[in-house]
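Listed here are the chains, written in short residue letters.
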Amino acid sequence: MQGERGTWSPSKSTLEKAQTVIDATASSSELYRNGFGMIASENIISPMVRKIVGSDLHGRYAEGLPGKRYYQGCGDFDTIESLGIEMAKKVFNAPFANIQSTSGTVSNIGALKALAQPGDKITAVSTADGGHISHARMGAVGLRDLDLSTYPWDEDRMEPDIEGACALIRDVEPKVALVGQSVFLFPTPLREIADAAHEVGAKVMYDGAHVLGLIAGGCFQDPLREGADIMTGSSHKTFPGPQGGFLLSSSEETSFHRRLNTAIFPGVVSSYHLHHVAGKVVALAEFEEYGSAYAHDTVRNAQAFASSLAAQGFDVLAESRGYTASHQVLTRHGDTDSGAGAKAAQLLEEAGIITNMNMLPGDTKALTPSGLRLGVQELTRVGMGPSEMEAVAELYARVLIKHEDPQRVKKDVAELKSHHHVIRYCFNDEQTTGYPF
Ligand SMILES: Cc1ncc(COP(=O)(O)O)c(C=O)c1O
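Chemist: Mind showing me how you'd approach helix H9 (residues 254–264) here?
Modeler: Every α-helix carries 3.6 residues per turn, so stepping three or four residues along brings you back to the same face. Inspection of H9 places Phe 256, His 257, Leu 260, Asn 261, Ala 263 and Ile 264 among the buried residues, and these make up the whole buried set. Within H9, the buried residues cover an arc of 160° as seen down the axis, which keeps them to one side. Exposed side chains of H9 directed beyond 90 degrees from the buried face belong to Thr 254 and Arg 258. Against strand E2 (64–65), strand E4 (96–98), helix H4 (104–115), strand E10 (203–207), strand E11 (230–236) and strand E12 (240–249) lie the buried residues of H9.

Put into structure tokens, the structure is as follows:
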């Protein structure tokens, strides 16, 4: 039926499609409200960040840099982005920061555009050893048509075999020595790698997507002072902001800064999601206040969770190194390539515990791996501490060791979680819960 311009009543079928989305979104919020979000790359945003992300900035454009725009109407956003650049430099202790990238992957594509030409050589951690797909031929490295060699891997220490990695760099003489992983338990021995890389004229690129918040919080490693020329990262993992990316550099050279800025815009973004950039700036302000405590509590919780899992009888990797120095814990659930990790992840989801299966050393197939990669950064953010980590490990054991009905365990998961709905480590003015809809 025709009404005022653009206001007629919708047909039942179009409304139903929108309702399907609304129902599924509400259901997803409930899943995480009542369960444990333990995927190591995820987090929840603070009430103030959520407000900004839902603002009118969502629909706006601002190509270029503050003060040098191609569109009118950017004055207020210039204020936001200028403040954000200065805050990112401070929080990450970096002479250069670009906050425009829309994800960690986009930061990596931009960085590789700035640092290498098609056909150039690059060294990185292989995806089988925990490197990210953007470090591989199938991802950004391939997109830039780079010639990839992967470092040998030390399975006991869960880091690049340092002598082998340095020898590879000296032999291959790459343009870029890329380090950092998606499976990231321990700091990379960066000084040795950076020495070898700089000796052959390579730039060192540290992918801190997962551990950016731990780095900024001062409890993982300090790549920009250990020899990394640039550091990329996501703004929504251990750095608990909205989805997006950062590109940072230790260089003081303004010509290099220009190269990095140009690689992001016009290199890999046009509109760069102003609502998320503004959200990142609020998250940077929150991080300045609470980031160090959050990072330290996260690592302490990961260590407590790993020890509790081991005490329950789980095979937790890297025991000789204290299991973990990050937000992640790795567990093995069966033989190599057996798919035991996939089965464990499925059973845990039935109990309201959301994780991801992961390849462990020796696995060769991504869809039938033997392990799980677990992250405690989200449970930490809703106020869980070491005693809750022990309780969470017990719930894992009830599902995976004692083989209790997951539906029964799910009730106890929801009970424990019901005490942890409020987000901490942020400007929590309204005590809003972390799972609104
Ligand atoms: C090491 C690493 N780099 C980059 C990325 C990509 O980040 P994003 O999901 O923000 O694109 C990830 C994702 O988890 C990652 O683990």
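Chemist: Where do I start with the site of the ligand in this structure?
Modeler: If you check the shell around the ligand, you find 14 residues, and the closest are Gly 104, Thr 105, Ser 182, Asp 207 and Ser 234. Gly 104 places a polar main-chain atom, nitrogen or oxygen, 2.8 Å from an oxygen atom of the ligand. In the model, an oxygen atom of the ligand is placed 3.0 Å from a nitrogen or oxygen of the Lys 237 side chain. Protein contact buries 87% of the 390 Å² of open area that the ligand shows by itself. Broken down by secondary-structure element, the contributors of at least two residues to the shell around the ligand are H4 and E11. The dominant element in the shell around the ligand, judged by the number of residues it contributes, is H4, at three residues. Looking at the shell around the ligand residue by residue, the class counts come to one nonpolar, eleven polar and two charged.

Chemist: Would you mind showing me how to read the packing of aromatic side chains here?
Modeler: Pairs of aromatic rings are described using the distance from one ring centre to the other and the angle between the two planes. Enumeration over the complete set of coordinates arrives at twelve aromatic pairs. Seen from their ring centres, Tyr 61 and Tyr 71 are 5.8 Å apart, and the 85° between their planes marks the pair as edge-to-face. You can see Tyr 61 sitting in the loop between helix H2 (47–53) and E2 and its partner Tyr 71 sitting in the loop between strand E3 (68–69) and helix H3 (75–91), a full ten residues away along the chain. With a centroid separation of 5.3 Å and 85° between ring planes, the pair formed by Phe 184 and Phe 220 is classed as edge-to-face. In this pair, Phe 184 sits in the loop between strand E9 (176–179) and helix H7 (190–199) while Phe 220 sits in the loop between helix H8 (212–216) and E11, placing the two residues 36 residues apart along the sequence. Given the relative accessible area of 0%, Phe 184 is considered buried. An aromatic cluster is present here, built from Phe 92, Phe 239, Phe 246 and Phe 287 joined pairwise through their rings. Lying over the aromatic face of Phe 256, Lys 203 brings its terminal NZ or CZ to 4.8 Å of the ring centre. Cation over ring: Arg 381 sits above Tyr 294, and NZ or CZ is 5.9 Å from the ring centre.

Chemist: Where do I start with the sheet that holds strand E17 (residues 371–375) in this structure?
Modeler: Strands in a sheet are paired, the pairing made by backbone hydrogen bonds, and the direction either parallel or antiparallel. Ordered by their spatial adjacency, four strands build an open sheet running E13-E14-E17-E16, and the pairing between neighbours is antiparallel. Edge positions in the open sheet fall to strand E13 (315–316) and strand E16 (356–358), since each of these has one partner strand only. Alignment of E13 against strand E14 (residues 328–332), held across two bridges, turns out to be antiparallel. Within the sheet, the bridge partner assigned to Asp 315 lies in E14 and is Arg 332. Against the sheet, helix H11 (residues 340–350) touches E16 and E17, its axis set at about 45° to E17.

Chemist: Hey, could you run me through H4 in this one?
Modeler: In this model H4 runs 16 Å from its N-terminal to its C-terminal C-alpha over twelve residues, within 8% of the 16 Å that 1.5 Å per residue would give. Of all twelve residues that make up H4, nine are buried, and the element is covered over most of its length. One side-chain oxygen of the residue at the start of H4 lies 3.3 Å from the amide nitrogen of Thr 105, identifying that residue as Ser 103.

Chemist: Is there a simple way to think about the sheet that holds strand E5 (residues 121–124) in this case?
Modeler: The seven strands lie next to each other as E4-E12-E11-E10-E9-E5-E6, forming an open sheet whose pairing is mixed. Lying at the two open borders of the sheet, with one neighbouring strand each, are E4 and strand E6 (147–150). In this sheet, adjacent strand axes meet at a mean angle of 20° when their direction is disregarded. Both E9 and E10 contribute to a ladder of four bridges, which runs parallel. Bridging from a neighbouring strand, Val 179 pairs with Tyr 206 of E10. Sitting on the sheet, H9 touches E4, E10, E11 and E12, and the angle it makes with E4 is about 10°.

Chemist: Help me understand the pattern of salt bridges in this model?
Modeler: Side chains that differ in sign of charge can pair as their charged atoms come close. Summed over all chains, the structure comprises 18 salt bridges. Across the salt bridge formed by Glu 199 and Arg 170, the nearest N and O atoms sit 2.9 Å from each other. Here Glu 199, found in helix H7, pairs with Arg 170, found in helix H6 (residues 162–172); they are 29 residues apart in sequence, far enough to count as distant. For Glu 199, a relative accessible area of 55% puts it in the exposed group. In this structure, Asp 412 and Arg 398 form a salt bridge, with 2.8 Å as the shortest nitrogen-oxygen distance. With a gap of 14 residues between them, Asp 412 in helix H14 (residues 406–417) and Arg 398 in helix H13 (residues 386–400) connect regions that are remote in the sequence. Since its relative accessible area comes to 34%, Asp 412 is described here as partly exposed.

About the thresholds
- Residues numbered from 1 in each chain as written.
- Predicted model: local features only at pLDDT ≥ 70, side-chain atom pairs only at ≥ 80, totals over all residues.
- Heavy atoms only, no water.
- Buried < 20%, exposed > 50% of the residue type's maximum accessible area, 1.4 Å probe, protein only.
- Helix = DSSP H or I, 4+ residues; strand = E, 2+ residues; numbered from the N terminus.
- Arc of directions from axis to C-beta.
- Contact = heavy atoms within 4.5 Å.
- Near = heavy atom within 4 Å.
- Polar contact = N/O pair within 3.5 Å; in protein donor to acceptor, adjacent residues only side chain to side chain.
- Areas by Shrake-Rupley, 256 points an atom, 1.4 Å probe, with all protein chains shown as cover.
- Nonpolar A, V, L, I, M, F, W, Y, C, P; charged D, E, K, R; others polar.
- Phe/Tyr/Trp six-rings, centres within 6.5 Å; stacked < 30°, edge-to-face > 60°.
- Lys NZ or Arg CZ within 6 Å of the ring centre and 35° of its normal.
- Pairing = 2+ DSSP bridges.
- Axes fitted to C-alpha atoms, helices over the stretch in contact; angles between N-to-C directions.
- Expected span 1.5 Å × (residues − 1).
- Salt bridge = Lys/Arg side-chain N within 4 Å of Asp/Glu carboxyl O.

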